[in-house]
Amino acid sequence: MPTRRGYMRKIRTISLCLVLCFVLPGISFAADYENLITFGDSLTDSGNISALLGPGGWEATYPEYNSGNFSNGPVWAEYLAGRMGVDGNYLITVTDPTTIAGTRWHNNAFGGAETGAVSGPSDEPTGFLSQVGTWSSLSAAIPANSLCVVWIGGNDYLNWDENPPTPANQAVTNIIAGLTTMVNDLDATDILVINLPDLGKSPLNNADPTTSATATALTQEFNAALETALDAFAL
């Protein structure tokens, strides 16, 4: 496999069900990784939006969610970090990536993030390309022996009530652009890219059969385009 900057890229797409296998008891995974670096949206965000909103802002805006997570408990990455034995929850909003040392989990995900530079209708610069760009602007290489996980794309479609859904090819183009920066500028070596779960089964879409079917079709379109693009990127 060709390399860039002397590093071999290891890029995989998997489904959510396989991710959950990593955190179940008895599963041995990622023993050789010293850091976990995550990029994504509310499925992965463990406090970045909360930190942006500041004291009192999170509780007032999202009273139904638990301690900075868009969940009533830990998000999947917290379980994975625990299984990997990495330390803490270092947020991009409050921790300079250049200070990463030891074995750590550094979370770059923001609730509402889309694949581009901004996040949905709010136009906040917290999208995937901005998450990667923050590292690049600081000239902060991703530490060696890090597992990077990218899970992004759902909001490009779920925000269609206010913005037209992003075409699959544009969303995938954004992801590949971010991965290229991660490899070429940030020295990322091992990158796990997760595809989308069925958006037709999400609470936002599953009440109406027509809407659900449309969201399912868009999910399938996105996942197929992502797989094709990643196969080409890994060559």
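What counts and what doesn't
- Note on numbering: residues in each chain are counted from 1, in written sequence order.
- Totals for whole chains, interfaces and linings use every residue, but because this is a predicted model, local features are given only for residues with pLDDT of at least 70 and side-chain atom pairs only at 80 or more, for both listing and counting.
- To obtain the side-chain values, all non-hydrogen atoms of the structure were included, while hydrogens and water were left out.
- Only protein chains enter the accessibility calculation, which uses a 1.4 Å probe; a residue whose area is less than 20% of its type maximum is buried, one above 50% is exposed, and one in between is partly exposed.
- Secondary structure elements follow DSSP: runs of H or I no shorter than four residues count as helices, runs of E no shorter than two count as strands, and numbering proceeds from the N terminus.
- Here a strand pair is declared whenever DSSP counts at least two bridges between the two strands.
- Any Phe, Tyr or Trp ring, taking Trp's six-membered ring, that has another such ring centre within 6.5 Å forms a pair; planes under 30 degrees apart are called stacked, those over 60 apart edge-to-face, and the others tilted.
- Definition used for salt bridges: Asp or Glu carboxyl oxygen within 4 Å of a side-chain nitrogen of Lys or Arg.
- Within this analysis, the arc is defined by the directions that extend from the helix axis to the C-beta atoms.
- Under this scheme, a helix contributes an axis fitted over its contacting stretch, all axes are lines through C-alpha atoms, and angles between N-to-C directions fall in the 0 to 180 degree range.
- A clockwise turn of the near helix away from the far one marks a right-handed crossing, whereas an anticlockwise turn of less than a right angle marks a left-handed crossing.
- The contact definition used throughout considers only heavy atoms, calling two residues in contact when any of these lie within 4.5 Å.
- By the convention adopted, Pro, Cys, Tyr, Trp, Phe, Met, Ile, Leu, Val and Ala count as nonpolar, Lys, Arg, Asp and Glu as charged, and the other residues, Gly among them, as polar.
- As used here, the term nonpolar core means buried Ala, Val, Leu, Ile, Met, Phe, Trp, Tyr and Cys residues forming a set that is joined through side-chain atoms within 4.5 Å.
- Within a predicted model, pLDDT stands for the predictor's per-residue confidence, ranging from 0 to 100.

Topic: the pairing of strand 7 (residues 146-151)
Right, so step 1: Burial within strand 7 is extensive, with six of its six residues counted as buried.
Right, so step 2: Here strand 7 shows a buried face lined by S146, C148 and V150 and a second buried face lined by L147, V149 and W151.
Right, so step 3: When strand 4 (residues 35-40) meets strand 7, the two strands line up parallel, connected through six bridges. Bridging across to strand 7, G40 finds its partner in W151.
Right, so step 4: In this sheet, strand 8 (residues 190-194) lies alongside strand 7 in parallel orientation, the contact comprising four bridges. Bridging from a neighbouring strand, V149 pairs with L192 of strand 8.

Quick notes on the packing of aromatic side chains
Right, so step 1: Taken as a whole and assessed by the stated rule, the structure comprises eight aromatic pairs.
Right, so step 2: Here the aromatic rings of W58 and F70 are separated by 5.2 Å at their centres, their planes lie at 90°, and the arrangement is edge-to-face. Linking W58 in helix 3 (residues 57-61) with F70 in the loop between helix 3 and helix 4 (76-84), this pair joins segments that are twelve residues apart in sequence.
Right, so step 3: What makes W58 buried here is its relative accessible area of 3%.
Right, so step 4: Ring geometry for Y65 and F70: centres 5.3 Å apart, planes at 55°, overall tilted.
Right, so step 5: Residue Y65 is classed as partly exposed on the basis of its relative accessible area, which comes to 30%.

Quick notes on the environment of F39
Right, so step 1: Turning to its location among the elements, F39 is positioned in strand 4.
Right, so step 2: The class of F39 is buried, set by a relative accessible area of 1%.
Right, so step 3: Taking the C-alpha atoms as reference points, F39 and F110, separated by 71 residues in sequence, lie 8.1 Å from one another.

Things to note about the pattern of salt bridges
Right, so step 1: Taken as a whole and judged by the stated rule, the model has one salt bridge.
Right, so step 2: Residues D198 and K201 are paired through a salt bridge, measuring 3.0 Å at the closest nitrogen-oxygen approach.
Right, so step 3: The class of K201 is exposed, set by a relative accessible area of 62%.

Focus: helix 4
Right, so step 1: Taken together, the buried positions of helix 4 are occupied by W76, A77, L80, A81 and M84. Each buried residue of helix 4 sits inside an arc of 135° when the element is viewed along its axis, so together they form one side.
Right, so step 2: A positive backbone phi angle near 75° is found at G85, which sits one or two residues after helix 4.

Digging into the packing of helix 7 (residues 168-184) against helix 8 (residues 209-233)
Right, so step 1: Contact pair helix 7 / helix 8: the axes reach a minimum separation of 9 Å and the direction vectors enclose 35°. Handedness of the crossing formed by helix 7 with helix 8: right-handed. Two secondary-structure elements touch here, helix 7 through A168, A171, V172, I175, I176, L179, T180 and V183 and helix 8 through E221, F222, A225, L226, A229, L230 and F233.
Right, so step 2: For the contact of helix 7 with helix 8, the per-class residue count stands at 13 nonpolar, one polar and one charged.

Some points on the nonpolar core
The tendency in soluble globular proteins is for nonpolar side chains to be buried side by side.
Right, so step 1: Judged by nonpolar contacts, the single largest core of 53 residues is most densely connected at L36, W135, V150, L179, M182 and I191.
Right, so step 2: Listing elements by their share of this core, those giving two or more residues are strand 4, helix 4, helix 5 (128-137), strand 7, helix 7, strand 8 and helix 8.
Right, so step 3: At eight residues, the largest contribution of residues to this core is made by helix 7.
Right, so step 4: Excluding its chain neighbours within four sequence positions, the residues that come into contact with M182 are F39, F128, V132, C148, V150, D187, A188 and I191.

Some words on the confidence of the model for the chain
Right, so step 1: Looking at the chain as a whole, the pLDDT averages 82, with 83% of positions reaching at least 70.
Right, so step 2: When mean pLDDT is taken per element in the chain, strand 4 scores highest with 96 and strand 1 (residues 3-4) scores lowest with 36.
Right, so step 3: Ignoring residues within four places in sequence, the model shows residues 1-8, a span with pLDDT below 50, making 19 contacts including any to other chains.
Right, so step 4: In the predicted structure, residues 13-30 sits below a pLDDT of 50 and forms 30 contacts with residues beyond four places in sequence or in another chain.

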